[in-house]
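Each chain, written out:
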Amino acid sequence: MSAEHKAVVDQATGEIYVDPKKDCPHIGQHVGANITADVISKAFEEGSCHGCADKTENWVCLHCGQVNCSRYVNSHASKHYEDTQHGIAISFSDLSVWCYLCDWYIASPDLMPHISAVYKSKFGKVHPAMKKKGKRSKDKDSSGASSNDKQDEQDGAAPGSSSSSSASK
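Because the structure is a prediction, the values reported are computed rather than measured.

> Could you clarify how one ought to interpret the overall build of the protein in this entry?
Of regular secondary structure, the protein possesses 6 helices and 7 strands. The linear arrangement of helices and strands in the protein, starting from the amino end, is β-β-α-α-β-β-α-β-β-β-α-α-α. Carbon and sulfur atoms form 51% of the exposed surface of the protein, whose accessible area is close to 9700 Å².

This is the structure in structure tokens:
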């Protein structure tokens, strides 16, 4: 493991966690514009590995939307990368994002829509970071819609209703 890629030990708790790479240069090339919240939601619902139909620990390719199992199952996500060079995938298990080209976990604001889509599919509610980002207010815009109505529409709910819905490499 290079100095750039490291696991960190929390001195207070002794827990070990991964420090994701925050400057991955591959996001623009390896995250497909067609991978929308709807595509991710459908992939999550179907949930089976394309290669073996396993449902326990799967990743979705952020280039094409194919679901494949982790290296701890049958390594179909790694095989998908080797076969296609689609370099970035997100875990349905823990919402982590892996870049095969960096060979490490990555984090970027550009990935939040994808992480949020998995979060909403898995937990049935909007990711907490997205709620903070769009600080909901009752102010009306020039169309007469409140920012709450716009957030509800983004969350998949009818304006003015509750925005709640159901729901390794």
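> Got a minute to help me understand empty space enclosed by the protein in this structure?
Of the pockets and cavities examined, the largest cavity occupies roughly 60 Å³. If you trace the largest cavity, you find it lined by W59, V60, C61, Q66, N68, A77, H80, Y81, H86, I88, A89 and Y100. Put simply, the parts of the chain that give the lining of the largest cavity at least two residues each are β3 (58–61), α3 (76–84) and β5 (88–91).

> I tried to follow the pairing of β3 on my own but got confused; where do I start?
Working note: regular strand, side chains alternate between the two faces of the sheet. Burial along β3 is two-sided: N58 and V60 facing one way and W59 and C61 facing the other are all buried. Sheet topology note: the β3/strand β4 (residues 67–69) ladder contains 3 bridges and is antiparallel. In the strand pairing of β4, W59 is matched with N68. Turn length for the β3-β4 hairpin, with the two strands adjacent in sequence and antiparallel, is 5 residues, and the turn residue G65 shows positive phi of about 85 degrees.

> When you look at the environment of C24 in this model, what are you seeing that I'm missing?
Mapping C24 onto the fold places it in the loop between β2 (16–19) and α1 (27–30). The class of C24 is buried, set by a relative accessible area of 10%. Distance in space between the C-alpha atoms of C24 and Y105 is 9.2 Å, their sequence separation being 81 residues. Apart from residues lying up to four places away in sequence, C24 is in contact with I88, C99, C102 and I106.

> Sorry if this is basic, but what is going on with the nonpolar core here?
Considering soluble globular proteins, one finds that nonpolar side chains tend to be buried as a cluster. Counting 23 residues, the largest nonpolar core has L62, I88, V97, I106 and L111 as the members making the most contacts within it. Every element with two or more residues in this core is listed here: α2 (37–46), β5, β6 (97–99) and α4 (112–123). Counting residues per element, this core draws most heavily on α4, at 5 residues. Leaving out residues up to four positions away in the same chain, V97 has contacts with W59, L62, I88, A89, I90, W104, Y105, I106, L111 and I115. With 6 residues, the next largest nonpolar core counts W59, A77, Y81 and A89 among its residues.

> I tried to follow the side chain of N58 on my own but got confused; where do I start?
Positionally, N58 belongs in strand β3. At 2.8 Å, the side chain of N58 and the backbone oxygen of D54 are in polar contact. Polar side-chain contacts of N58 include one of 3.4 Å to the backbone nitrogen of C69. Contact partners of N58, with chain neighbours within four places excluded, come to G47, S48, C49, V67, N68, C69, I90, S91, F92 and S93.

> How should the environment of P113 be read in this particular structure?
Mapping P113 onto the fold places it in helix α4. Note: C-alpha distance between P113 and A37 (76 residues apart in sequence) is 7.3 Å.

> How should I be thinking about the packing of aromatic side chains in this particular structure?
The geometry of an aromatic ring pair is captured by the separation of the ring centres together with the interplanar angle, meaning the angle of the planes. Overall, the coordinates contain 7 aromatic pairs when judged by the stated rule. Residues F44 and F92 carry aromatic rings whose centres are separated by 5.1 Å and whose planes lie at 80 degrees to one another, so their mutual orientation is edge-to-face. Of this pair, F44 sits in helix α2 while F92 is found in the loop between β5 and β6, placing the two residues 48 residues apart along the sequence. Assessed through its relative accessible area of 8%, F92 is described here as buried. When the ring of W98 is compared with that of Y100, the centres are 6.4 Å apart and the planes differ by 75 degrees; the resulting orientation is edge-to-face. Of the two residues examined, W98 and Y100, each falls in the buried class. Among the aromatic side chains, those forming a connected cluster through ring pairs are Y81, W98, Y100, W104 and Y105. Directly above the aromatic system of W98 lies the positively charged group of R71, at a separation of 5.2 Å from the ring centroid.

Each value, and the rule that gives it
- Residues numbered from 1 in each chain as written.
- Predicted model: local features only at pLDDT ≥ 70, side-chain atom pairs only at ≥ 80, totals over all residues.
- Heavy atoms only, no water.
- Helix = DSSP H or I, 4+ residues; strand = E, 2+ residues; numbered from the N terminus.
- Areas by Shrake-Rupley, 256 points an atom, 1.4 Å probe, with all protein chains shown as cover.
- 1 Å grid on protein atoms, 1.4 Å probe; cavity = no way out; pocket = protein on both sides within 12 Å on 5 of 7 lines; lining within 4 Å.
- Points joined across faces, edges and corners; volume = space filled by probe spheres on them.
- Buried < 20%, exposed > 50% of the residue type's maximum accessible area, 1.4 Å probe, protein only.
- Pairing = 2+ DSSP bridges.
- Contact = heavy atoms within 4.5 Å.
- Core = buried A, V, L, I, M, F, W, Y, C linked by side-chain atoms within 4.5 Å.
- Polar contact = N/O pair within 3.5 Å; in protein donor to acceptor, adjacent residues only side chain to side chain.
- Phe/Tyr/Trp six-rings, centres within 6.5 Å; stacked < 30°, edge-to-face > 60°.
- Lys NZ or Arg CZ within 6 Å of the ring centre and 35° of its normal.

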